[in-house]
Amino acid sequence: VKPMTPRCTVPKAVPVGKTASLHCHENEGYPKSTYSWYRNSEPLSPDTKSNAKFQNSSYTLNPSTGTLVFHAVHKGDTGRYSCIATNDAGFAKCEEQEMEV
């Protein structure tokens, strides 16, 4: 079963250095969806250590729960965030939401 449009929760504004949690979830898809996050339409790597582009980012992304947590946000984390839920039957995307740091 193709995923439904996921519900995305993105904080509107977060002070520099604080934690920010972004959530993405849908429960219609079967098999269970995996989630990927995008900032300004660019995919965020689930593995920040192996990707030089994301080495300065302090976030953890859990593809199975759809949770994206910034441990200490900085100005560079400002942007439009969206999430895509994917399974074998297809994918669905939530609306982009702005997060300001």
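Before reading on, note that the structure itself is shown above.
The structure reproduced in this document is the subject of the present report. In this text the structure is predicted, and so the values were computed from the model without any measurement.

### A few points about the sheet that holds strand β2 (residues 20-25)
- If you walk across this open sheet you meet the four strands as β1-β2-β6-β5, and the pairing is antiparallel. Each of the sheet's edge strands pairs with one partner strand only, and the pair in question is β1 (7-9) and β5 (59-62). Shown here is a sheet whose adjacent strand axes are inclined to one another by a mean of 5°, direction ignored.

### A closer look at the state of the cysteines
- Per the stated rule, a full pass over the model turns up two disulfides.
- The disulfide that involves C24 links it to C83, with 1.9 Å between the sulfurs. Here the disulfide of C24 and C83 is left-handed, its torsion about the S-S bond being about -80°. Highlighted residues: C24 in strand β2 and C83 in strand β7 (residues 79-87), separated in sequence by 59 residues.

### A look at the environment of H71
- Tracing the backbone shows H71 in the loop between β6 (67-70) and β7.
- The sequence separation of H71 and G17 amounts to 54 residues, and the corresponding C-alpha distance is 7.8 Å.
- If we skip the residues at most four places from it in the chain, H71 touches G17, K18, T19, S58, Y59 and T60.
- A polar side-chain atom of H71 sits 3.2 Å from a polar atom in the side chain of T60.

About the cut-offs
- Residues numbered from 1 in each chain as written.
- Predicted model: local features only at pLDDT ≥ 70, side-chain atom pairs only at ≥ 80, totals over all residues.
- Heavy atoms only, no water.
- Pairing = 2+ DSSP bridges.
- Helix = DSSP H or I, 4+ residues; strand = E, 2+ residues; numbered from the N terminus.
- Axes fitted to C-alpha atoms, helices over the stretch in contact; angles between N-to-C directions.
- Disulfide = S-S within 2.5 Å.
- Contact = heavy atoms within 4.5 Å.
- Polar contact = N/O pair within 3.5 Å; in protein donor to acceptor, adjacent residues only side chain to side chain.

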